[in-house]
Amino acid sequence: MLQLTDIHAYYGHVHALKGVTLKVPEGAIVSLLGANGAGKTTTLNTISRLIQPRKGKYEMAGESMMKKSTSQVVKSGIIHCPENRRVFPLLTVEENLLIGAYSRKDKQVKSDMEKVFAYFPRLKERTSQKAGTLSGGEQQMLAIGRSLMGKPKVLLLDEPSLGIAPLLVKEIFEIIKSINKDGTSILLVEQNAHMALEISDYAYVLENGRIALSGKSKDLKNNDDVRRLYLGG
Ligand code: ATP
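Conventions we followed
Residues numbered from 1 in each chain as written. Predicted model: local features only at pLDDT ≥ 70, side-chain atom pairs only at ≥ 80, totals over all residues. Heavy atoms only, no water. Helix = DSSP H or I, 4+ residues; strand = E, 2+ residues; numbered from the N terminus. Rg over C-alpha atoms; globule rule 2.2 N^0.38 Å. Buried < 20%, exposed > 50% of the residue type's maximum accessible area, 1.4 Å probe, protein only. Contact = heavy atoms within 4.5 Å. Areas by Shrake-Rupley, 256 points an atom, 1.4 Å probe, with all protein chains shown as cover. Lys, Arg positive; Asp, Glu negative; His and termini not counted. Charge placed at Lys NZ, Arg CZ, Asp CG, Glu CD. Near = heavy atom within 4 Å. Nonpolar A, V, L, I, M, F, W, Y, C, P; charged D, E, K, R; others polar. Pairing = 2+ DSSP bridges. Axes fitted to C-alpha atoms, helices over the stretch in contact; angles between N-to-C directions.

**Student:** Please explain the overall build of the protein chain as it appears in this structure.
**Tutor:** Along the backbone of the protein chain there are 10 helices and 10 strands. Taking 17 Å as the expected radius of gyration for a compact globule of 233 residues, we find that the protein chain reaches 17 Å, a close match to that expectation. The C-alpha extent of the protein chain, read off along each of the three principal axes, is 45 × 40 × 30 Å. The buried share of the protein chain, reckoned over its 233 residues, is 50%. For the protein chain, restricting intrachain contacts to residue pairs at least 6 apart in sequence, the fraction spanning at least 24 positions comes to 66%. Carbon together with sulfur atoms contributes 51% to the accessible area of the protein chain, which is approximately 11200 Å² in total. Separation between the mean location of the 33 positive side-chain charges and that of the 24 negative ones in the protein chain comes to 5 Å.

**Student:** What should I look at first to understand unusual backbone geometry in this one?
**Tutor:** Glycine aside, a negative phi is what most residues show, and trans is what most peptide bonds show. Positioned with a positive phi, R49 is a non-glycine residue whose angle comes to about 70 degrees. By the element assignment, R49 lies in the loop between α1 (40–47) and β4 (55–60). Under the relative-accessibility criterion, R49 is labelled buried at 4%. A positive phi angle, near 50 degrees, is found at E159, a position not held by glycine. Its location among the elements puts E159 in the loop between β7 (154–158) and α7 (166–181). Exposure remark for E159: the relative accessible area of 4% places this residue in the buried category.

**Student:** Can you help me understand the site of the ligand in this one?
**Tutor:** The environment of the ligand is formed by Y11, A16, A35, N36, G37, A38, G39, K40, T41, T42, E159 and Q191. Coverage of the ligand by the protein chains reaches 59% of its 630 Å² of free accessible surface. In terms of residues, the shell around the ligand owes the most to one element, α1, which gives three residues. Its residues placed into classes, the shell around the ligand shows four nonpolar, six polar and two charged.

**Student:** So what exactly am I meant to see when it comes to the sheet that holds β4 here?
**Tutor:** Within the open sheet, the four strands sit side by side as β2-β1-β4-β5. Their pairing is antiparallel. Sheet topology places β2 (14–24) and β5 (63–64) at the edges, where each strand pairs with a single neighbour. Looking at chain direction, strand β1 (residues 2–11) and β2 are connected through eight bridges and run antiparallel. Across the sheet, residue Y11 finds its bridge partner in β2, namely V14. Helix-sheet contacts for α1 involve β1, β2 and β4, and the interaxial angle to β1 is about 110 degrees.

Shape descriptors only; they carry no functional weight alone.
Here it is in structure tokens:
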């Protein structure tokens, strides 16, 4: 569904992505692993067009996204849930969720909010609470819920486990699995390689702006390099 072929991206003179090729097939969870600074966030930012790719091919459902704007990318069904949650702290849970639906013109926004609450009952109990007063894990749930309000075909998730208590991380990963089962393809960037390889179908390892390794997640779990570098031996 989503495919990058030999994508190059720069920050000024810094050549951050040096030919990234990856695909997210329909219905799959694909994880993108790599050390700090490898280019994972840059890859997601390039897909959502916060950064312009300078060279290569980028397609969503067969259509080129190379010259599209961020809002056109959103309309094609690609929704980016950024690192560090970025909820609006002074707005309520409900207001944050409505912002996720801002580009929609259909009438199913209310019923979709109920679907978000079905995934995240903790949010339903807190609809009128200011987002800034939620725990880190709850804010992450809200950020994912807000992304779901945009009706993603492909959801880009940047580090959903960052700074969250282990018990909530487990809960969030279970929910990510059900979101995928209900039909949303997912590209997951994660430092927690154990969790990412556990729930994904395919995985790519980025090193210094290049894909160093890729394959089925269950095969990568047994790969010596992946075990040594990302799974703690
Ligand atoms: P992390 O897990 O630490 O966020 P990452 O794999 O997501 O790492 P990126 O944030 O994509 O890595 O960074 C890739 C490279 O691009 C790094 O060398 C980084 O220093 C550089 N970079 C990222 N953002 C900028 C920026 N705004 N300006 C200049 N260089 C940047």
